[in-house]
Every structure is written in structure tokens, then in C-alpha cells.
Amino acid sequence: MKRALIIIALFLGVSRLSVAQGEQNLVQAAMEALTAATLSDAQVAQLSRQAVVEMDAKNPVAGPNDPYTLRLNKIVSRHRTVSGLPINYKVYMVPDVNAFATADGSVRVFKGLMDIMSDSELLAIMGHEIGHVVNKDSRDAMKSALRRSAVRNVAAANSGVIGKLSRSQVGGLVDGYFGASFSRQQETEADDYSYDFLKRNGYSVMALATSFEKLAKLNGGNQSNKVTAILSSHPDSKSRAERVRTRARRDGLAK
Ligand SMILES: [Zn+2]
């Protein structure tokens, strides 16, 4: 079994050295992935962290002195911890209009999104993505991806006969996690989380509405496929913007 677990670690982009260093925890988390239906939040966070490590390795990450990093750091300077969750932020120098947050508290913002959004709109979008983490949507997405990718190995693991995990199965875990789409209710709740986050911190809640309206406009226009990433996982931008505006009017915050 241990061999298969290390194969998982390697496919998730971990070096042999770090596998050795973190072996105990990683083996424990991956064992759960293979053999058990129940995973602790800490184990899900750890696997999510490994998935982000792979994403970071695949994408050009802006350096510490890059203007995009400096801008993002300034925007999030008050928000290194959100709802008790420590967040680490990075910029991908990729033209896609996209951002995501993962169950371990990693937030990744794409250059293409930063190019079209104001600072407060970026906070609104990051607030929404962090909302998925705080609301445990991201945890559930990882669990679901694990079930789909590992299910065929469970029987072999339990019988002590480990067939090798194919690259596509492990790739399926990472793709399944990052490709997860949330339910309409989860999206609404993440919107509400962002609204409350903006309100609580003294920002204009209208940034949430205008960010959605920008996305809706891109969606309606004849744009390149670089702008579709966040839209495919977040449909109905226009109606969601209207919902935010309605709530803001009711709260006397529509200005
Ligand atoms: Zn969402």
C-alpha cells in the first residue's frame, strides 16, 4: 500500500525529499483517500495543499516583487486571516479571467482577472471564493473528486493487492477538484458570504454586483476563450448581480 501512496504523492507534484519529510502525514491522508469514506477536514486540507502545489508548479507564479504581487498584497493586507482561516495568496501570470480558493486556504488570482477588476471588485471575488472554503464547499469538492478518482482502487487497497494508480486516475483527482462546479445554492451562499465580508470590513458591497456585471458583459461579448474559466463555473452572473443590488438597496448600501 505504501508504494501506491508515494506514487500519489509524486503525481501530485511533491519531490521525493518533501515526500520523505511529510511522509507520515501524507501517507495517513492518502490512506484515508484510498480506503475510507470519511476524511477529516485536516486531511482534506492537506490533499488540497498538494493539489495547489501542483497547480503552482504548472502555472507561472508572479514573483514577490512583481507589480501584480505587490498590488494583490496591498489589497489583501488586512485579510491574511479570514473567518479564522489563514490565507496564502498568489498571482498566476496567465491571461485567463479566473480565481480560485482551495480547502487549505490558498487563493490564486489570475492576471487576466486583475487586469479587468478594480481592487474592491477583486476583494469581492476573492471573498466569494473564500466563502466556498469557509462554507466547506471546497472540502466537499475534494471529497467528491477523491471518491471519483480513487473508487476503483479501494477494492484493491482493501484486499492488499495494489495495482498501480494510473496517471490519469491521479490527474483525475486534481482535475476533478479544480473542475468542480458548485450548486446554485452553494453559489448563492458564497455570494452572501462575500457580501457580508465586504460589509463587515467597510467596503462597498456594490463591488460584488459590478464584478458580476463585468463578467456577464464578457460572457455576452465575443471574447476569446481566455475569459471563460470563471464564467463556466459561475453562470448567471447577471441575475446574481441583480440579487446583490436588491439586497444592497434593502440594506441602504446601494451607492
Ligand atoms: Zn462560486
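Residues numbered from 1 in each chain as written. Predicted model: local features only at pLDDT ≥ 70, side-chain atom pairs only at ≥ 80, totals over all residues. Heavy atoms only, no water.

**Student:** Can you walk me through the overall build of the protein in this structure?
**Tutor:** Along the backbone of the protein there are 13 helices and five strands. The 255 residues of the protein split such that 48% are buried. With an accessible surface of roughly 12300 Å², the protein has 53% of that area assigned to carbon and sulfur atoms. (Helix = DSSP H or I, 4+ residues; strand = E, 2+ residues; numbered from the N terminus. Buried < 20%, exposed > 50% of the residue type's maximum accessible area, 1.4 Å probe, protein only. Areas by Shrake-Rupley, 256 points an atom, 1.4 Å probe, with all protein chains shown as cover.)

**Student:** What should I look at first to understand the nonpolar core in this one?
**Tutor:** Proteins that are soluble and globular tend to have nonpolar side chains buried together. The biggest cluster of nonpolar side chains holds 40 residues, and the ones touching the most others in it are L72, Y89, V107, V109, L113, L122 and M126. Contact partners of L113, with chain neighbours within four places excluded, come to D96, V97, N98, A99, L122 and I125. (Core = buried A, V, L, I, M, F, W, Y, C linked by side-chain atoms within 4.5 Å. Contact = heavy atoms within 4.5 Å.)

**Student:** What exactly am I supposed to notice about the packing of aromatic side chains here?
**Tutor:** A ring pair, where both rings are aromatic, is described by two values, the distance of the centres and the angle of the planes. The tally for this structure, following the rule as stated, stands at three aromatic pairs. Plain terms: the ring middles of Y92 and F110 are 5.3 Å apart, the flat faces sit at 80 degrees to each other, and that makes the pair edge-to-face. Highlighted residues: Y92 in strand β3 (residues 88–92) and F110 in strand β5 (residues 106–110), separated in sequence by 18 residues. Taken individually, Y92 and F110 each receive the classification buried, so the pair is uniform in this respect. On the basis of an interplanar angle of 65 degrees and a centroid distance of 6.2 Å, the ring pair of F100 and F110 is categorised as edge-to-face. Of this pair, F100 sits in strand β4 (residues 99–101) while F110 sits in strand β5, and the two are ten residues apart along the sequence. What makes F100 buried here is its relative accessible area of 11%. (Phe/Tyr/Trp six-rings, centres within 6.5 Å; stacked < 30°, edge-to-face > 60°.)

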